[in-house]
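Results of the structural survey
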Amino acid sequence: MKQIVMTAEKIAEITGGTLYGDPKREINEVSGIKDAAANHLSFAGNKKYEELLNSSAAGIVLVNKDLANVSTENRTIIVCDNVDYAFAKVTALFAEEPPAPVPGIHPTAAVDPTAEIGENVSIGANAVIEAGAKIGDNAVIGALCYIGHDAAVGAGTVLYPGVTVMYRCTVGAKCIIHPGVVIGGDGFGFVPGPNGLVKVPQTGIVTIGNDVEIGANTTIDRARFGKTVIKDNVKIDDQVMVAHNVVVGESSILVAQCGIAGSAELGRGVIIAGQAGINGHIYIGDGSQVAGTSSVVKTLPPGSIVVGTPAESQREFIARVAMPKKVQKLEAKLKELEAKLKELSK
């Protein structure tokens, strides 16, 4: 973390927030609200953290409007419209850049003579670049990466160590691919035969758009035929499974351990939360949100918000969960009325 000092006044200017307390108060580090010290900036974006905020030692705290009235004793409060975004902006100023890659090809890397390598490319130790592969200008291929035959990696894209891009698959420009990602492994396809299961050839590819980020150990399978497609500006968390022939629309978010089954299609700006599952051959409309651990088994129209297994609307889910309690109350009331009738019949 960079060693810089910032005043509350400057932070309010950067975030566009409203300051309450001492504008000259200084911090030199950012931290979570629980562990923050007097020289730290922290944040609280939800009313449920009010008690934790009141006990925190943080010198400057970014808060949402629900917490605008908390005490400014021993701290300065900056009220922001979007606390998460504001904190991210300030945190970026303290973040140290990762070690800069050194342009050139490491002596232990294996680069086929027919591969096309752009300008200012960095290829790390023991990386393998197969025949016909194309690496764009300013790309970074980390140690132990594998780029298959006729595969392509776009300009400015960073592949951290241990990434695999299989044959004929393509990754766009300015992408960030974290360690252990596998792009273009075979889709899971088998059919019964006279002597057991027979593998179905997976003849397609994977295409990754521009400005995509993919978290560690995520797998994106090649298509059975045609393409598995991850469109521009998609953000994928760690340990996500994307099956063959899936299409993920622009600016969508896939959170850790979710799984998208074969030939499902996600529209633009879809959010699939952690450990959620999407059935194959269905469509998730633009802007839909799927809650964590939910299982979506049928097509969703644009703007849907669903929860549960099988996934249903929030209203349906709440009604179903609340129903047993209502039944219990009715049973108790019925017993009470039966007792009164019995007493009156004596």
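An account of the accompanying structure is given in this report. Throughout, a residue's number is its position along its own chain's written sequence, starting from 1. Two thresholds apply to this predicted model, a pLDDT of at least 70 for residue-level local features and 80 or more for giving and counting side-chain atom pairs, whereas whole-chain, interface and lining totals are computed over all residues. Hydrogens are left out, water is left out, and the side-chain values use all remaining heavy atoms of the structure.

**What about the sheet that holds strand E14 (residues 140-141)?**
Either a parallel or an antiparallel arrangement is found when strands of a sheet pair, and the pairing is made through backbone hydrogen bonds. On the basis of which strands lie adjacent, the open sheet formed by 12 strands has the order E8-E11-E14-E17-E20-E25-E28-E31-E34-E37-E39-E40 and mixed pairing. In this open sheet, the two strands that pair with only one neighbour each are strand E8 (104-105) and strand E40 (312-313). Should DSSP find at least two bridges between two strands, the strands are regarded as paired. Under the DSSP-based scheme used, a helix requires at least four consecutive residues in state H or I and a strand at least two consecutive residues in state E, with every element numbered from the N terminus. Judged from the two bridges that link them, strand E39 (residues 305-307) and E40 form a sheet pairing that is antiparallel. Within E40, the position partnered with Val-307 by the bridge is Glu-312.

**Some details on the nonpolar core**
Counting 53 residues, the largest nonpolar core has Ile-141, Ile-147, Ile-183, Ile-208, Leu-254 and Ile-272 as the members making the most contacts within it. Contacts were defined at the residue level, with two residues in contact if any of their heavy atoms lie within 4.5 Å. Dropping the residues within four chain positions of it, Ile-141 is found in contact with Ser-122, Ile-123, Gly-124, Ala-127, Ile-129, Ile-135, Ile-147, Val-153 and Leu-159. Take the buried Ala, Val, Leu, Ile, Met, Phe, Trp, Tyr and Cys residues and link them wherever side-chain atoms come within 4.5 Å; each set so joined is a nonpolar core. In this scheme, a residue with accessible area under 20% of its type's maximum is buried, one over 50% is exposed, and one in between is partly exposed, where area comes from a 1.4 Å probe on protein chains only. Counting residues in each nonpolar core, the second largest holds 16 residues, with Met-6, Val-30, Cys-80 and Phe-94 among its members.

**Concerning the pattern of salt bridges**
Each reported salt bridge corresponds to a side-chain nitrogen of Lys or Arg within 4 Å of a carboxyl oxygen of Asp or Glu. Across all of its chains, the model carries six salt bridges by this definition. As a salt-bridge pair, Glu-50 and Lys-47 come within 3.1 Å of each other at their nearest N and O atoms. Its relative accessible area of 41% is what places Lys-47 among the partly exposed residues. A salt bridge links Lys-235 to Asp-211, with the nearest nitrogen and oxygen atoms 3.7 Å apart.

**What to know about the sheet that holds strand E24 (residues 205-208)**
One open sheet holds the nine strands; their spatial order is E10-E13-E16-E19-E24-E27-E30-E33-E36, and the pairing between them is parallel. If you trace the sheet from one side to the other, it starts and ends with strand E10 (116-117) and strand E36 (283-284), each paired once. Relative to strand E16 (residues 152-153), strand E13 (residues 134-135) is paired through two bridges, and the arrangement is parallel. Looking across to E16, one finds that Ile-135 is bridged to Val-153.

**Some details on unusual backbone geometry**
Put simply, Thr-309 and Pro-310 share a cis peptide bond, and its omega is -5°. Take Pro-310: it is sitting in the loop between E39 and E40. Backbone geometry at Gln-239 places phi at a positive 55°, although glycine is not the residue there. Locating Gln-239 in the fold gives a position in the loop between strand E28 (235-236) and strand E29 (241-242). A relative accessible area of 43% means that Gln-239 is categorised as partly exposed. A positive phi angle, near 60°, is found at His-281, a position not held by glycine. Mapped onto the fold, His-281 is located in the loop between strand E35 (277-278) and E36. Exposure remark for His-281: the relative accessible area of 67% places this residue in the exposed category.

**Topic: the layout of surface pockets**
Think of a ball as big as a water molecule: rolled over the atoms, this probe shows where empty space is left. Cavities and pockets are found on a 1 Å grid laid over the protein atoms alone: a cavity is a set of points where a 1.4 Å probe fits but cannot escape, a pocket is an open set with protein on both sides within 12 Å along at least five of seven lines, and a lining residue has an atom within 4 Å of such a point. Grid points are joined across faces, edges and corners, and a volume is the space filled by probe spheres set on the points. Here the largest pocket is characterised by a volume of approximately 300 Å³. Along its surface, the largest pocket is lined by 13 residues, and Pro-98, Pro-99, Pro-101, Val-158 and Tyr-160 are the ones closest to its centre. In this classification, the charged set is Asp, Glu, Lys and Arg, the nonpolar set is Ala, Val, Leu, Ile, Met, Phe, Trp, Tyr, Cys and Pro, and all remaining amino acids, among them Gly, are polar. A per-class count over the lining of the largest pocket returns 10 nonpolar, one polar and two charged. Quantified by volume, the second largest pocket comes out at close to 180 Å³. Residue composition of the lining of the second largest pocket, grouped by class: five nonpolar, six polar and one charged.

**Topic: helix H3 (residues 83-94)**
Every helix has an expected span of 1.5 Å times one less than the residues it contains. The end-to-end C-alpha separation of H3 is 17 Å, in line with the 16 Å expected for 12 residues at 1.5 Å each. Listed as buried for H3 are Val-83, Ala-86, Phe-87, Val-90 and Phe-94. For H3, the arc enclosing every buried residue in end-on projection is 95°, short of the 170-degree limit, so these residues lie on one face. H3 presents Asp-84 and Tyr-85 as exposed residues on the side facing more than 90 degrees away from its buried surface. The elements touched by buried residues of H3 are strand E1 (6-7), helix H1 (8-15), strand E3 (26-27), strand E4 (29-30), strand E5 (40-44) and strand E6 (60-63). One side-chain oxygen at the N-terminal end of H3 lies 3.4 Å from the backbone nitrogen of Asp-84; it belongs to Asn-82. By construction, the arc corresponds to the directions joining the helix axis to the C-beta atoms. What qualifies as a polar contact is a pair of N or O atoms within 3.5 Å, subject to a donor-acceptor requirement within protein and to the restriction that residues adjacent in sequence count only when both atoms come from side chains.

**Quick word on the packing of aromatic side chains**
Ring pairs shown here join Phe, Tyr and Trp side chains whose ring centres sit within 6.5 Å, with only the six-membered ring taken for Trp; geometry is labelled stacked below 30 degrees between planes, edge-to-face above 60, and tilted in between. All told, the structure shown has two aromatic pairs when counted by the stated rule. A ring pair is formed by Phe-188 and Phe-190, whose centres lie 5.1 Å apart and whose planes are at 70°; its orientation type is edge-to-face. Judged by its relative accessible area of 70%, Phe-188 is exposed. Throughout this description, the term charge over a ring refers to an Arg CZ or Lys NZ atom that lies within 6 Å of the ring centre and within 35 degrees of the ring normal. Arg-222 extends its terminal NZ or CZ atom over the ring of Tyr-167, reaching a point 3.8 Å from the ring centre.

**Here's the deal with the state of the cysteines**
Count a disulfide wherever a pair of cysteine sulfur atoms falls within 2.5 Å. Taken as a whole and judged by the stated rule, the model has zero disulfides. Here Cys-169 is not disulfide-linked; the sulfur of Cys-175 is the nearest cysteine sulfur, at 13 Å.

**Looking at the environment of Ile-123**
Structurally, the position occupied by Ile-123 is in strand E11 (residues 122-123). A residue is classified by how much of its surface remains accessible, and Ile-123, at 2% relative accessible area, is buried. For the pair Ile-123 and Val-102, spaced 21 residues apart in sequence, the C-alpha to C-alpha distance is 8.4 Å. Not counting residues within four places of it along the chain, the set of residues in contact with Ile-123 comprises Gly-104, Ile-105, His-106, Ala-109, Val-111, Ile-117, Ile-129 and Ile-141.

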